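# Fold and contact review
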Amino acid sequence: MKNTYKFGNIPVEIEYRGDYFEEKAKDYITDEEPLFSLFATDEDLEYEQDHSEEDIEYSNPYLEYIAIYRLFCEKAIDYGVVLFHSSVVEVDNECYLFAAKSGTGKSTHTRMWREVFGEDAVMINDDKPLIREIDGKFYAYGTPWDGKHALSVNKKSPIKAICYIERGEKNEIAKGDMVNTTYKLIAQIYRPRNEEGTIKVLDFADSMLKSIPMYEMKCTISHEAAQMAYDAMKNGE
């Protein structure tokens, strides 16, 4: 099976075999001319299984779904697009990206935002959004690779701020230290498996650091933490 999809505003022709990817990506079909083509080989599927973080034997359709995104991200940097591992929520037509070590609770925190802001909060993506710079402004894009809760929408949103979360006994947020946020930013960006692509990603990260406000937050799982984070980042505090 073969179709053309658009991720991060990049049209790409994808040949696939399983129905898992087909179902997940159905809202991203486009009739635009593709810029390149992808096909996940058996070797690509084996790579994903061998490099999975959990000791689980995944089905081939799921491995294909994951492999397709890796192959896409390897090429996407050539078009000025990167994968930034985070949970992205939009309020007032601007989005906020929350990044953290696995299991820290970034998805739980954005759930608090949805509970506080109701229909005004839109989940752009809960796990693996794409980031693109357009005329000096950075945007987050929803993708079909949206985490275990499958929360995403096919739209782009201008990035207001990026926040790195740690669990804490009280709620506190502040502008991030440049050294710390640089390290944390690079840790969350997908880096291609070749030197040229990695250099491009690092240049992209440098532009993000210069243009997007970065915050560090320690917080509880609470509505108060969500309101605090929104107030601080919205007002640039």
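The rules behind each value
- Residues numbered from 1 in each chain as written.
- Predicted model: local features only at pLDDT ≥ 70, side-chain atom pairs only at ≥ 80, totals over all residues.
- Heavy atoms only, no water.
- Core = buried A, V, L, I, M, F, W, Y, C linked by side-chain atoms within 4.5 Å.
- Buried < 20%, exposed > 50% of the residue type's maximum accessible area, 1.4 Å probe, protein only.
- Helix = DSSP H or I, 4+ residues; strand = E, 2+ residues; numbered from the N terminus.
- Contact = heavy atoms within 4.5 Å.
- Pairing = 2+ DSSP bridges.
- Axes fitted to C-alpha atoms, helices over the stretch in contact; angles between N-to-C directions.
- Polar contact = N/O pair within 3.5 Å; in protein donor to acceptor, adjacent residues only side chain to side chain.
- Salt bridge = Lys/Arg side-chain N within 4 Å of Asp/Glu carboxyl O.

A few words now on the nonpolar core. Of all hydrophobic cores here, the largest spans 29 residues; its most connected members are Y5, F7, I14, F21, F72 and L130. Of all the secondary structure elements, the ones that give two or more residues to this core are β1 (2-7), β2 (10-15), β3 (36-39), α3 (60-76), β4 (81-83) and β9 (137-141). Looking at which element gives the most residues to this core, the answer is α3, with 9 residues. Apart from the residues within four sequence positions on either side, F72 is in contact with F7, I10, V12, F36, L38 and L130. In terms of nonpolar packing, the next biggest core, distinct from the first, is built from 23 residues, F84, I124, F138 and I212 among them.

Right, let's get into the sheet that holds β1. Strand order in this open sheet of 3 strands is β1-β2-β3, and the pairing throughout is mixed. A strand with exactly one partner marks an edge of an open sheet, and here the two such strands are β1 and β3. Taken pair by pair, the neighbouring strands of this sheet meet at an average axis angle of 35 degrees, ignoring direction. In this structure, β1 lies alongside β2, joined through 6 bridges in antiparallel fashion. Paired with K2 across the strands is E15, a residue of β2. Sitting on the sheet, α3 touches β1, β2 and β3, and the angle it makes with β3 is about 150 degrees.

For the rest of this paragraph, the subject is the side chain of S222. When you line up the elements, S222 lands in the loop between β12 (214-219) and α7 (223-234). Within the local environment of S222, its side chain forms a polar contact with the backbone nitrogen of A225, the two atoms lying 3.1 Å apart. Leaving out residues up to four positions away in the same chain, S222 has contacts with M112 and N171.

Here we take up the pattern of salt bridges. Oppositely charged side chains may form a pair once their charged atoms are brought near each other. Under the definition given, this model contains 16 salt bridges. Across the pair K128 and D127 runs a salt bridge whose closest N-O atoms are separated by 2.6 Å. You can call K128 partly exposed: its relative accessible area is 27%. Classification of D127 as buried rests on a relative accessible area of 12%. Through salt bridges with shared partners, a single ionic network connects R17, D42 and E64.

These figures come from the coordinates and say nothing about function on their own.
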